[in-house]
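# Notes for the structure review
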Amino acid sequence: MPISDDLLEILACPMCKGDVEYVPEDDFLLCERCNIRYYNKDLKECPKCKGELKPIKGEVLICKSCKRWYPIIDDIPHMLPDELREDLV
Ligand SMILES: [Zn+2]
Ligand SMILES: [Zn+2]
């Protein structure tokens, strides 16, 4: 349980400042070459390099207000605004 309730309390969506909800296991598609995980399960290939995508399980934070998603990678929540993200496709 890497995300404590205390931390979850503090974390907020960078776009709308809404509360986020912790989901311990969800499906991602990982491009190992770009090291980007995508949440869009309809992707057939990596939009950046056209490489193969590998299904993986991972933790995710979902904003309760705007429903944006933020991955937790190696116990670190990656909460970036839209304009800095490569995984929004
Ligand atoms: Zn790629
Ligand atoms: Zn939000």
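Before any of the text, the structure's been laid out above.
Below: a short report on this structure. Each chain carries its own residue numbering, running from 1 in the written order of its sequence. All chains are assigned letters beginning at A, and all ligands numbers beginning at 1, according to the order in which they are written. Whole-chain, interface and lining totals are the exception, using all residues; otherwise, since this is a predicted model, local features are given only for residues with pLDDT of at least 70 and side-chain atom pairs are given and counted only at 80 or more.

### What to know about the sheet that holds strand β1 (residues 20-31)
Here is the rule we go by: Strand pairing is assigned whenever DSSP detects at least two bridges linking the two strands. For helices the rule is a DSSP run of H or I covering at least 4 residues; for strands it is a run of E covering at least 2, with both sets numbered from the N terminus onward.
Reading across from one edge, β2-β1-β3-β4-β5 is the order of the 5 strands in this open sheet, with antiparallel pairing throughout. Looking along the sheet, the strands with just one partner apiece sit at the ends: β2 (36-38) and β5 (76-77). Pairing between β1 and strand β3 (residues 54-63): 9 bridges, direction antiparallel. When the bridges of β3 are listed, D27 appears paired with K57.

### As for the environment of G51
Rules: Exposure classification rests on a simple neighbour count of other C-beta atoms within 10 Å of a residue's own: a residue reaching 20 or more is buried, one at 12 or fewer is exposed, and one in between is partly exposed. C-beta atoms are placed from the backbone. Distance between backbone-placed C-beta atoms decides contact: two residues are in contact if it is within 7 Å.
Here G51 lies in the loop between β2 and β3. You can call G51 partly exposed: it has 13 C-beta atoms within 10 Å. Sequence separation of G51 and L84 is 33 residues, and the distance between their C-alpha atoms is 21 Å. Those residues in contact with G51 that sit more than four places away from it in its chain are C31, R33, E45 and C46.

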